[in-house]
Amino acid sequence: MEQSMIRDISLADEGLQRIRWVEKFMPVLGELKKDFVANQIFQGKTIVMSIHLEAKTAYLALMLKEAGAHVIVTGSNPLSTQDPIAAGLVKKGIIVYAWHNCTNEEYDIFLNKALDHKPNIIIDDGGDLVHLLHTTRKDAQVHLIGGAEETTTGVHRLKILAKKGDLQIPMIAVNDSYCKYLFDNRYGTGQSAWDGIIRSTNITITGKTVVVAGYGWCGKGVSMRAKGLGAHVIVTEVDPIKAIEAVFDGFDVMPMEKAAEKGDIFLTVTGDIDIITKKHFLRMKDGAICANAGHFDCEVNRKDLEKICTSHYEARKNIEAYVMPSGKIVYLLAEGRLVNLASGDGHPAEIMDLSFALQAQAVSYLCQNGQNLQNKVYVLPEELDKEVAEIKLRSMGYEIDQLTEEQKNYLGLE
Ligand SMILES: NC(=O)c1ccc[n+]([C@@H]2O[C@H](COP(=O)([O-])OP(=O)(O)OC[C@H]3O[C@@H](n4cnc5c(N)ncnc54)[C@H](O)[C@@H]3O)[C@@H](O)[C@H]2O)c1
């Protein structure tokens, strides 16, 4: 089999050091690992992962390998791959096809190379592997048992396929487990999106008007944290229920066309396209900053910016300045890609501990039950979700009450 394709193997020690750091903060994955490794539960399985290639996902990949799997890793976004981490994984015997800032063509080559290994199980983040498996790479379905999808946008794409009757593999929507979206999407994106924005701009959030597009799980998190950092927050939504939630949570709500004139910082988290376009850029204040934390770089329309600007230049690493016809400047962070991963290290390790413990549970569940699953989108059984929560609570030193037999009877649970 072919060799890995990475940028620089000499970065491996730095990568392994970063992975060792996050291990300390991922006790749930650590506890599952003990059992999975002792029983070699993934022995003989080939697992292909398309993931944001940074320290936490690398720890998951290593855990799967130590539990017996043959693991192949590729990125899920050209800017989120960290070259030292890729090198660290290769040094540990994992095949990696990924480097930071790859072109779209290279990105496709990497995904295809990963699928050449004809996986038994896939871990996808955003749905690019599944898309290939249903179009140009149907051949790679040959040994496939099923897969697990990490994020809202990927699950959305799966549900579209399933609705049309076109889904050809059982997929577990890891995103839809409580221990995923309640924590990763809300508190994870809530912290890491601001971390990415602050790291790349080195400016204050306090006193700024922040416009958050989308008040789903990610939107709730980034709005809450922006408020905590001292910002005045405006939310834009299309769902009236989410909009009322935003109002009751204490935020201003208005259409983007109005918000465009008011915002100092714009952050999109909708999973939708064309949230900020030409008509919005033209209304923005001089110095407005746009960033995206939704999965794809289609929320802030960069092509529009490029079309209407009279010139553009790199204002700072990961920040492009676009000069508008009026002379005003609009800044775009990280090319409009996930700002928390493209300009930072992604979510905190303690939070990804929950998400990746669920990923590990999903892979184990597929190994045990895959043959009986249909080509549908599944959510992990609630007891596995609760097991992850229980281990997390224990690791944090918290205890909770247990239902008595009388209470179970009263609640009709027995
Ligand atoms: N940055 C990260 O690390 C990270 C983590 C988790 C999820 N995500 C991604 O973030 C995106 C949002 O995820 P989520 O879990 O919050 O989804 P969600 O479905 O809970 O929320 C999305 C919200 O956007 C709203 N929306 C849709 N179109 C809109 C429009 N035109 N204008 C305003 N609002 C609109 C929807 O009504 C919904 O309330 C997805 O792409 C997801 O994959 C990113």
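Since we're looking at a predicted model, the values are computed, not measured.

Novice: Would you explain unusual backbone geometry in this entry?
Specialist: Most peptide bonds take the trans configuration, and most residues that are not glycine carry a negative phi. At asparagine 101, a position not held by glycine, the phi torsion is positive, near 65 degrees. Its relative accessible area of 44% is what places asparagine 101 among the partly exposed residues.

Novice: How should I be thinking about the site of the ligand in this particular structure?
Specialist: Close contacts around the ligand come from 27 residues, with Thr151, Thr152, Thr153, Glu237 and Asn340 the closest. The side chain of threonine 151 places a nitrogen or oxygen atom 2.6 Å from an oxygen atom of the ligand. Relative to its free-state accessible area of 860 Å², the ligand is covered by the protein chains to the extent of 86%. Contributing elements (two or more residues each) for the shell around the ligand: helix H7 (152-163), helix H8 (178-201) and helix H9 (217-228). Ranked by residues supplied to the shell around the ligand, first place goes to H8 with three residues. Looking at side-chain class alone, the shell around the ligand contains eight nonpolar, 14 polar and five charged residues.

Novice: Would you mind showing me how to read the sheet that holds strand S12 (residues 311-316) here?
Specialist: Strand pairs in the sheet, formed through backbone hydrogen bonds, run parallel or antiparallel to each other. As summarised here, the arrangement of the eight strands in space is S9-S8-S7-S10-S11-S14-S13-S12, forming an open sheet in which the pairing is mixed. Edge positions in the sheet fall to strand S9 (252-253) and S12, since each has one partner strand and no second. In this fold H8 packs onto strand S7 (209-213), strand S10 (265-268), strand S11 (288-292), S12, strand S13 (319-323) and strand S14 (329-333), with an angle of close to 140 degrees to the strand it touches most, S10.

Novice: Looking at this model, I keep getting lost on the nonpolar core. Mind explaining?
Specialist: One recurring pattern in soluble globular proteins is that nonpolar side chains are buried together. Ranked by internal contacts, the top residues of the largest apolar core, which has 58 residues, are Ile19, Met49, Leu53, Leu64, Val73, Leu89 and Val96. At eleven residues, helix H15 (residues 349-369) tops the list of elements feeding residues into this core. Contact partners of leucine 89, with chain neighbours within four places excluded, come to Ile19, Leu53, Ala58, Ala61, Leu62, Val73, Ile94 and Val96.

Novice: Help me understand the packing of H8 against H9 in this model?
Specialist: Geometrically, a packed helix pair is captured by the angle between its two axes and the distance between the axes. Axis separation between H8 and H9 bottoms out at 7 Å; the angle between their running directions is 45 degrees. Judged by the angle between their axes, H8 and H9 are oblique. Crossing of H8 against H9: the hand is right-handed. Taken together, the residues of H9 that come into contact with H8 (itself represented by Tyr181, Leu182, Asn185, Arg186, Tyr187, Thr189, Gly190, Gln191, Ala193 and Trp194) are Trp217, Cys218, Gly221, Val222, Met224, Arg225 and Ala226. Among the residues forming the contact of H8 with H9, the class breakdown is ten nonpolar, five polar and two charged.

Novice: Even after reading the chapter, I still don't get the packing of aromatic side chains, so can you show me in this structure?
Specialist: The description of an aromatic ring pair uses the distance of the two centres, along with the angle that the planes make with each other. By the definition in use, this model includes seven aromatic pairs. Between tryptophan 21 and phenylalanine 25 the ring centres are 5.1 Å apart and the planes differ by 50 degrees, which places this aromatic pair in the tilted class. Judged by centre distance (6.0 Å) and plane angle (65 degrees), the ring pair of tyrosine 215 and phenylalanine 251 falls under edge-to-face. Of this pair, tyrosine 215 sits in the loop between S7 and H9 while phenylalanine 251 sits in the loop between helix H10 (240-248) and S9, placing them 36 residues apart in sequence. Both residues of the pair, tyrosine 215 and phenylalanine 251, count as buried. By the ring-pair criterion, three or more aromatic residues cluster together here, those being Tyr178, Tyr181 and Trp217. The ring of phenylalanine 251 carries lysine 227 above its face, with NZ or CZ at 5.3 Å from the centroid.

Novice: Would you explain helix H4 (residues 83-91) in this entry?
Specialist: The periodicity of an α-helix, 3.6 residues per turn, causes residues three or four places apart in sequence to face the same way. The element H4 is extensively covered by neighbouring structure, given that seven of its nine residues are classed as buried. Along H4, the residues that are buried comprise Asp83, Pro84, Ile85, Ala86, Ala87, Gly88 and Leu89. Packed against the buried residues of H4 are helix H1 (12-23), helix H3 (55-66), strand S2 (70-75) and strand S3 (95-97).

Novice: What is the right way to look at the pairing of S2 in this model?
Specialist: Put simply, side chains in a regular strand alternate between the two faces of the sheet. S2 sits mainly inside the fold: five of its six residues count as buried. The parallel pair strand S1 (residues 46-51) and S2, bridged by H3, forms a crossover whose chirality is right-handed. In this structure, S2 lies alongside S3, joined through three bridges in parallel fashion. In the sheet register, threonine 74 faces S3, and the bridge partner there is tyrosine 97. One crossover worth recording links S2 to the parallel S3 by way of H4, and it is right-handed.

Criteria and cut-off values
Residues numbered from 1 in each chain as written. Predicted model: local features only at pLDDT ≥ 70, side-chain atom pairs only at ≥ 80, totals over all residues. Heavy atoms only, no water. Buried < 20%, exposed > 50% of the residue type's maximum accessible area, 1.4 Å probe, protein only. Near = heavy atom within 4 Å. Polar contact = N/O pair within 3.5 Å; in protein donor to acceptor, adjacent residues only side chain to side chain. Areas by Shrake-Rupley, 256 points an atom, 1.4 Å probe, with all protein chains shown as cover. Helix = DSSP H or I, 4+ residues; strand = E, 2+ residues; numbered from the N terminus. Nonpolar A, V, L, I, M, F, W, Y, C, P; charged D, E, K, R; others polar. Pairing = 2+ DSSP bridges. Contact = heavy atoms within 4.5 Å. Axes fitted to C-alpha atoms, helices over the stretch in contact; angles between N-to-C directions. Core = buried A, V, L, I, M, F, W, Y, C linked by side-chain atoms within 4.5 Å. Parallel < 35°, antiparallel > 145°, perpendicular 65-115°, else oblique. Left-handed = near helix turned anticlockwise from the far one by under 90°. Phe/Tyr/Trp six-rings, centres within 6.5 Å; stacked < 30°, edge-to-face > 60°. Lys NZ or Arg CZ within 6 Å of the ring centre and 35° of its normal. Right-handed = clockwise from strand over helix to strand, strands pointing away.

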